[in-house]
Amino acid sequence: MDYIGLPKIELHAHLTGSVSRTTLHEIWKGKKAAGKTELEDPLEVMPDRKHDYNLEAFFTLFSNYIYHLLADKKSIQYATRSVLENFLADGVVYLELRTTPRAASDISADMYIQLLLDTIKDFENTYPQMHTRLILCVDRRHSLAMAESILSLATRLRSEEGPGVVGVDLCGDPTARPGGEISMFSPVFKQAASNGLGITVHFAEAEASGSYDELRTLLSWNPGRLGHVIWEDDAAKKEIAERELCLELCLSCNVQAGMIHGGFQNHHFKHWFEMKRPRISLATDDVGVIGSPLSNEYRLVAQHFSLDRAQICHLARQGIDGIFGGEKERERLRDIMWTE
């Protein structure tokens, strides 16, 4: 089967984590020549064959390195376009790209998001076969005031017609504010839903964030999707299934980061796929770090769970109703995505 040619939906991709090592190297090389960085070469910091970052090393890589390299308008714009080119080349036809609004050396957090939207719009005008929308992220370590400012920005830039913001996400180090402490963000996410924004949240990415108390808080926000859902207990599994949410499952990320045990064949994809609910949308999470494009994620589930062509096509279409891009976009996807 042609897994690259298969039209695909990507709903869980972090922008900075999707920047390839090659692109980071090109940015670094330009800065080094201009005397604007003391950082090491990305190809040395992130060796080509290294993809097995555990959660602690993963978050450190971003905070100590990648964010410092992508810290100006030119670099952010170049990196964003490169990310879009790579998803397009891999057969993605609809992309929801997520990022935390952050100030850089020459732009504010608001300007950063507008720069992304302008870059996406320009790219879509040239390559209309892939539509890209933004999800703004609230980090678990943020203050309530910061979360409120992100909601305000997302609401102002919300759009279902063309490039714009379509949703908000809760992400970040899963060991921060465990055991339901994220309830401090409840007013923000409930207001986001009232403002017409889609809600997606990282749940049970690690054992620390997999409590039933946390799930009840997250479900009170009426999310349309859950990301990862690795460490849920039986009660949580039952409630998730009853809600028929869309699950963003990231196989390579989970396996290579040691977030699950037993390799691909023991991934919880099997549990949810055999239940036939809720809907599943395969995702890359951070393809620049993990090194597995979306086409390879489909190849992996076919290989490890014996899915035939019809099952793969059906799986790829499950994400259609989970997108935050509106009914017009869903109709476009129903027309162009392969059927069984």
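From a predicted model like this one, the values you see are computed outputs, not experimental measurements.

**Focus: helix α7 (residues 186–194)**
Turning to α7, its buried residues are Ser186, Val188, Phe189 and Ala192. Take α7 and look down its axis: the buried residues cluster within an arc of 165°, on one side only. Away from its buried face, by an angle of more than 90 degrees, α7 presents the exposed residues Pro187 and Ser194. Lining the buried residues of α7 we find β3 (131–139), α6 (144–156), β4 (165–171), β5 (198–203) and α8 (212–219).

**Some remarks on the UniProt feature "domain: Adenosine deaminase" (unreviewed entry) in the protein**
Using the residue numbers shown here, the UniProt feature "domain: Adenosine deaminase" (unreviewed entry) corresponds to residues 7–335. Along residues 7–335 the backbone is 47% helical and 15% strand, and the end-to-end C-alpha distance reaches 11 Å.

**Looking at the environment of Arg279**
You can see Arg279 is positioned in strand β8 (residues 279–282). Placed 42 residues apart in sequence, Arg279 and Asp321 show a C-alpha to C-alpha distance of 8.7 Å. What Arg279 contacts, discounting residues up to four positions off in sequence, is Glu244, Leu245, Cys246, Leu247, Gln318, Asp321 and Gly322. A distance of 3.2 Å separates the side chain of Arg279 from the backbone oxygen of Asp321, its partner in a polar contact.

**Description of the sheet that holds β4**
The parallel open sheet is built from 8 strands, whose spatial order is β1-β2-β3-β4-β5-β6-β7-β8. Edge positions in the sheet fall to β1 (8–14) and β8, since each has one partner strand and no second. Taken pair by pair, the neighbouring strands of this sheet meet at an average axis angle of 25°, ignoring direction. Bridge count between β1 and strand β2 (residues 92–99): 5 bridges; the pairing is parallel. Paired with His14 across the bridge in β2 is Arg98. Where helix α5 (residues 109–126) meets the sheet, it contacts β2, β3 and β4, and its direction lies at approximately 165° from that of β3. With respect to the sheet, α7 is in contact with β3, β4 and β5, its orientation differing from that of β4 by roughly 160°.

**Comments concerning the pairing of strand β7 (residues 246–249)**
Side-chain alternation along β7 places Cys246 and Glu248 on one buried face and Leu247 and Leu249 on a second face that is also buried. In the sheet, strand β6 (residues 225–228) pairs with β7 via 3 bridges, with the strands oriented parallel. Counted as the bridge partner of Gly227 is Glu248 from β7. With 4 bridges joining them, β7 and β8 adopt parallel strand pairing.

**Considering the environment of Gly210**
The residue Gly210 is located in the loop between β5 and α8 in this model. A C-alpha to C-alpha distance of 28 Å links Gly210 and Tyr67, two positions 143 residues apart in sequence. Excluding anything up to four places from it in sequence, Gly210 contacts Phe203, Ala204, Trp231 and Glu232.

**Observations regarding the packing of aromatic side chains**
Using the criterion set out here, one finds 7 aromatic pairs in the structure. Ring centres of Phe58 and Phe59 lie 5.7 Å apart, and the angle between their planes is 85°; this geometry places the pair in the edge-to-face category. Of the aromatic side chains, those joined through ring pairs into one cluster are Phe58, Phe59, Phe62 and Tyr67. When the ring centre of Phe324 is taken as reference, the NZ or CZ atom of Arg225 above it lies at 4.0 Å.

**Here we look at the packing of helix α13 (residues 294–305) against helix α14 (residues 309–317)**
Contact geometry for α13 and α14: axes closest at 11 Å, N-to-C directions at 135°. Judged by the inter-axis angle, α13 sits oblique to α14. Here α13 runs over α14; the crossing is right-handed. Judged by residue contacts, Tyr298, Val301 and Ala302 of α13 engage Ile312, Leu315 and Ala316 from α14. A per-class count over the contact of α13 with α14 returns 6 nonpolar, no polar and no charged.

Conventions adopted
- Residues numbered from 1 in each chain as written.
- Predicted model: local features only at pLDDT ≥ 70, side-chain atom pairs only at ≥ 80, totals over all residues.
- Heavy atoms only, no water.
- Buried < 20%, exposed > 50% of the residue type's maximum accessible area, 1.4 Å probe, protein only.
- Helix = DSSP H or I, 4+ residues; strand = E, 2+ residues; numbered from the N terminus.
- Arc of directions from axis to C-beta.
- Contact = heavy atoms within 4.5 Å.
- UniProt positions renumbered as here; feature names shortened; annotations may be inferred.
- Polar contact = N/O pair within 3.5 Å; in protein donor to acceptor, adjacent residues only side chain to side chain.
- Pairing = 2+ DSSP bridges.
- Axes fitted to C-alpha atoms, helices over the stretch in contact; angles between N-to-C directions.
- Phe/Tyr/Trp six-rings, centres within 6.5 Å; stacked < 30°, edge-to-face > 60°.
- Lys NZ or Arg CZ within 6 Å of the ring centre and 35° of its normal.
- Parallel < 35°, antiparallel > 145°, perpendicular 65-115°, else oblique.
- Left-handed = near helix turned anticlockwise from the far one by under 90°.
- Nonpolar A, V, L, I, M, F, W, Y, C, P; charged D, E, K, R; others polar.

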